[in-house]
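Each chain, written out:
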Amino acid sequence: MVELLLSALPDDRARIVATGETDLGHSTSSLSVIGSDGSVTAATPIPDFDLALIKLWDDTAVADAEPWNTYTLTVEQDGTSALDLSYVSPDPEPDALIV
């Protein structure tokens, strides 16, 4: 995943950040490119990035690792990266209205 993000990072930008949600069989991503001056622009979706996240989710689920469903992956221009996986409990179903 780091290589996929690094390949999408323009030479004149400092870092690329991917955030989103992943669960059984689906993933959503939002990509931002950040300049050294702090400017932020949206990045074009990367083919196969969501598939890689789904595979990571599947692998951690099979390994009985700590559950997660949201992520932030930051990749710097020099290739260093940081991955934050967290679990956010889904909103409970709203109570049914009785009329």
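Scroll up for the structure.
Residues numbered from 1 in each chain as written. Predicted model: local features only at pLDDT ≥ 70, side-chain atom pairs only at ≥ 80, totals over all residues. Heavy atoms only, no water.

1. A word on the overall build of the chain
Part 1 of the argument: Within the chain, the secondary structure is distributed over two helices and five strands.
Part 2 of the argument: The linear arrangement of helices and strands in the chain, starting from the amino end, is α-β-β-β-α-β-β.
Part 3 of the argument: Within the chain, the fraction of its 99 residues that count as buried is 26%.
Part 4 of the argument: Across the chain, the fraction of contacts at a sequence separation of at least 24, relative to all contacts at a separation of at least 6, is 50%.
Part 5 of the argument: A total of about 6600 Å² of accessible surface is found on the chain, and carbon and sulfur atoms cover 56% of it. (Helix = DSSP H or I, 4+ residues; strand = E, 2+ residues; numbered from the N terminus. Buried < 20%, exposed > 50% of the residue type's maximum accessible area, 1.4 Å probe, protein only. Contact = heavy atoms within 4.5 Å. Areas by Shrake-Rupley, 256 points an atom, 1.4 Å probe, with all protein chains shown as cover.)

2. Topic: the side chain of Thr74
Part 1 of the argument: Counting through the fold element by element, Thr74 comes out in strand β4 (residues 70–76).
Part 2 of the argument: Not counting residues within four places of it along the chain, the set of residues in contact with Thr74 comprises Arg15, Ile16, Val17, Thr80, Ser81 and Ala82.

3. Some words on the nonpolar core
Part 1 of the argument: In this structure, Leu5, Ile16, Ala18, Phe49 and Tyr71 are the most contacted members of the largest nonpolar core, which totals 14 residues.
Part 2 of the argument: Among the elements of the structure, β1 (15–23), β2 (26–34), α2 (49–62) and β4 are those that each provide at least two residues to this core. (Core = buried A, V, L, I, M, F, W, Y, C linked by side-chain atoms within 4.5 Å.)

4. Regarding the pairing of strand β5 (residues 81–86)
Part 1 of the argument: Pairing geometry for β4 and β5, over six bridges, is antiparallel. Bridging across to β5, Thr74 finds its partner in Ala82.
Part 2 of the argument: Where β4 hands over to β5, the hairpin turn is made up of four residues, of which Gly79 adopts a positive phi near 95 degrees. (Pairing = 2+ DSSP bridges.)

5. Concerning the side chain of Asn69
Part 1 of the argument: Its place among the elements puts Asn69 in the loop between α2 and β4.
Part 2 of the argument: Within polar-contact distance, the side chain of Asn69 engages the backbone oxygen of Val88 at 2.8 Å. (Polar contact = N/O pair within 3.5 Å; in protein donor to acceptor, adjacent residues only side chain to side chain.)

6. Comments concerning α2
Part 1 of the argument: Between the first and last C-alpha of α2 there are 20 Å, a value that for 14 residues agrees with the 20 Å anticipated at 1.5 Å per step.
Part 2 of the argument: Against the buried residues of α2 lie α1 (2–8), β1, β2 and β4.
Part 3 of the argument: Once α2 ends, the next one or two residues include Asp64, with phi positive near 55 degrees. (Expected span 1.5 Å × (residues − 1).)

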